[in-house]
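# Structure assessment
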Amino acid sequence: MSLDTRTTTAGAGAPLIDLDHIVVEFGHGRNRFRAVDDVSLTIRKGSIYGIIGFSGAGKSTLVRTMNVLQRPTSGTVTFNGADIGALSESRLLPLRRKIAMIFQHFNLMPSRTVLDNVTLPLIHEKISKRDARAKAMHLLELVGIADKAKAYPRQLSGGQQQRVAIARALIGDPEVLLCDEATSALDPRTTRSILALLKDLNERLGLTIVLITHQMQVVKDICTDLAVMSHGRVVDSGSILDVFDHPSSELTREFIYTSGNMNKGITLMQTHPLFAREREAGHVYLLSSVGSGAEETLMADAHDRFGVTGNIMFGNVDVIHNTPVGMILVSLDGPDAAIDNALAYFKSVGVGATPLAELHVNESEENETPAADAATASERGDDNE
Ligand SMILES: Nc1ncnc2c1ncn2[C@@H]1O[C@H](COP(=O)(O)OP(=O)(O)OP(=O)(O)O)[C@@H](O)[C@H]1O
Ligand SMILES: [Mg+2]
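Our subject in this report is the structure included herewith.

Rules behind the numbers
- Residues numbered from 1 in each chain as written.
- Chains lettered and ligands numbered in written order.
- Predicted model: local features only at pLDDT ≥ 70, side-chain atom pairs only at ≥ 80, totals over all residues.
- Heavy atoms only, no water.
- Helix = DSSP H or I, 4+ residues; strand = E, 2+ residues; numbered from the N terminus.
- Buried < 20%, exposed > 50% of the residue type's maximum accessible area, 1.4 Å probe, protein only.
- Pairing = 2+ DSSP bridges.
- Contact = heavy atoms within 4.5 Å.
- Axes fitted to C-alpha atoms, helices over the stretch in contact; angles between N-to-C directions.
- Expected span 1.5 Å × (residues − 1).
- Parallel < 35°, antiparallel > 145°, perpendicular 65-115°, else oblique.
- Left-handed = near helix turned anticlockwise from the far one by under 90°.
- Nonpolar A, V, L, I, M, F, W, Y, C, P; charged D, E, K, R; others polar.
- Salt bridge = Lys/Arg side-chain N within 4 Å of Asp/Glu carboxyl O.
- Core = buried A, V, L, I, M, F, W, Y, C linked by side-chain atoms within 4.5 Å.
- Domains from an automatic or database assignment.

## Some points on unusual backbone geometry
- The phi dihedral of V68 falls on the positive side, at around 55 degrees, and the residue is not glycine.
- Residue placement: V68 occurs in the loop between α1 (59-66) and β4 (74-79).
- Judged by relative accessible area, which is 1%, V68 ranks as buried.
- Look at D173: it is not a glycine, yet its phi comes out positive at around 50 degrees.
- As for its position among the elements, D173 is in the loop between α5 (158-170) and β7 (176-180).

## Looking at the sheet that holds β4
- Reading across the sheet, the 4 strands line up as β2-β1-β4-β5 and stay open at both edges, with antiparallel pairing between neighbours. A single partner strand is all that each edge strand has here, and the edge strands are β2 (33-44) and β5 (82-83).
- Here α1 sits on the sheet and contacts β1 (15-26), β2 and β4; the angle it forms with β1, its principal contact strand, is near 125 degrees.

## What to know about helix α13 (residues 336-348)
- The terminal C-alpha atoms of α13, which comprises 13 residues, lie 18 Å apart, in line with the 18 Å expected from a rise of 1.5 Å per residue.
- As for α13, its buried residues are in contact with β11 (284-290), α12 (298-306), β13 (323-333) and β14 (352-355).
- Positive phi appears at G350, one or two residues downstream of α13, with a value of about 85 degrees.

## A closer look at the sheet that holds strand β10 (residues 233-239)
- One open sheet accounts for 6 strands, arranged β6-β7-β8-β3-β9-β10; its pairing is mixed. Strands with a single pairing partner mark the edges of an open sheet, and in this sheet they are β6 (99-103) and β10. Direction aside, the axes of adjacent strands within the sheet are offset by 15 degrees on average.
- Relative to β7, β6 runs parallel, the two sharing 5 bridges. When the bridges of β7 are listed, I99 appears paired with V176.
- Sitting on the sheet, helix α2 (residues 89-98) is in contact with β6 and β7, with an inclination near 70 degrees to β6.
- Together, β6 and β7 form the strand contacts of α5, whose direction differs from that of β6 by roughly 170 degrees.

## Concerning the environment of I51
- Note that I51 resides in strand β3 (residues 48-53).
- Overall, I51 belongs to the buried group, its relative accessible area being 0%.
- In this structure the C-alpha to C-alpha distance between I51 and C179, which are 128 residues apart in sequence, comes to 9.9 Å.
- Aside from chain neighbours lying at most four places away, what touches I51 is K59, L62, V63, M66, V210, L211, I212, T213, A227 and M229.

## Some words on the packing of α5 against helix α6 (residues 188-205)
- Taken N-terminus to C-terminus, the directions of α5 and α6 make an angle of 20 degrees; their axes are 10 Å apart at the nearest point. In terms of their interaxial angle, α5 and α6 are classed as roughly parallel. Judged by the twist between their axes, the crossing of α5 over α6 is right-handed. For the pair α5 and α6, the contacting residues are G159, Q162, R163, I166 and L170 in the first and T190, S193, I194, L197, L198 and L201 in the second.
- A class-by-class count of the residues in the contact of α5 with α6 yields 6 nonpolar, 4 polar and 1 charged.

## Brief notes about the pattern of salt bridges
- Considering all chains together, one arrives at 14 salt bridges under this definition.
- In this structure, R34 engages E25 in a salt bridge whose closest nitrogen and oxygen atoms are separated by 2.8 Å.
- On the accessibility criterion, R34 (39% relative accessible area) is partly exposed.
- Notably, a salt bridge pairs E125 with R97, separated by 2.4 Å at the nearest N-O pair. Placement of the pair is E125 in the loop between α3 (114-119) and α4 (129-142) and R97 in helix α2, with a sequence separation of 28 residues.
- With a relative accessible area of 22%, R97 lands in the partly exposed category.

## Re the nonpolar core
- I166, L177, L198, I266 and L329 are the most contacted members of the largest nonpolar core, which has 69 residues in total.
- Per element, the largest residue contribution to this core is 6 residues, and it comes from α5.
- Both domains that meet at this core, namely domain 1 (15-245) and domain 2 (262-358), each give it at least three residues.
- Not counting residues within four places of it along the chain, the set of residues in contact with L177 comprises A100, M101, I102, A169, L198, L207, T208, I209 and V210.
- In terms of nonpolar packing, the next biggest core, distinct from the first, is built from 31 residues, M66, F103, V176 and M229 among them.

Remember, this is a structural readout, not a statement about activity or role.
Put into structure tokens, the structure is as follows:
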């Protein structure tokens, strides 16, 4: 299908962080456990790189190798062309200001004011207190919370606290901001405002962002690139539109259906007695397309060209980077040979067709990814930096 409406910046910049065959193992002997299993990926300058996966997939562990909070068992971590995986802790400290990180629970110092929290990373720097405070005030203005400079963290809402954490992360002029479920503790509206802030920082400062999330909606809203993790491995990666257009794993497809609210329709079609007739006829398909054009006249074309009628049961359209991403569940009707021809035609115009029986969904979630309720590994204390 025509991809000319794509305006993603994915892949535009030079490599900033390069992970090459990263393995992270915990424990010893029989208790040895491989949390990250041979992952290679490249984060390019200026991108917003989403990492999504079930709880325990290894997302936090992987992202923590990017600023070497977690040393890889094997493999290479390259930042701006330099191998940083084996640097001493003292040499890593200044580097971590360039590869800053924010967390789900903000991790602010409760006994210090907002302003002092933001200046904290500069404590060992050769910068006067006055200049540090001026810089911090500037950043608090940038993140829209300058009026709270003298407040204490407990006096702020979650969204406000995350803004402070972002300002604190920015004080070392980072090139990249690693966000480990930075919006998971926030309500949907506050989530949107923090995402808008991250996108704004990406555009205004050229800040590269790596963003772990459970919510595909977050990915669709701001990410240029996406990696899907499962059992320590990356099972899909690339520009978000490419991943949506050609998901290679079952898990990625599941995330995509769920985020498009198609899971409910799929489950109903697969199980509800109301749809027994369509189900038994065996001609229910999920049609999916990325890009504009063919899908608009698809059913009319199927009828005019092949005498196949299509009854649309459920549908969803998203717009990602100005590109329509559509999914419909249709029940096709006509002679078997005509349906085969129609399916071949769909394929030729770039519309994917997956039979109902081959669709796998998670039934417990409607608007979020299958792991939306499972922030347990982070709660366990991954983010106590
Ligand atoms: N320090 C550690 N020691 C032992 N095992 C660990 C350690 N850190 C993580 N693990 C294990 O590694 C696996 C991956 O954990 P990780 O926190 O990276 O997952 P995650 O994808 O971030 O999960 P979540 O979405 O719940 O935050 C899990 O099975 C976890 O229990
Ligand atoms: Mg995690």
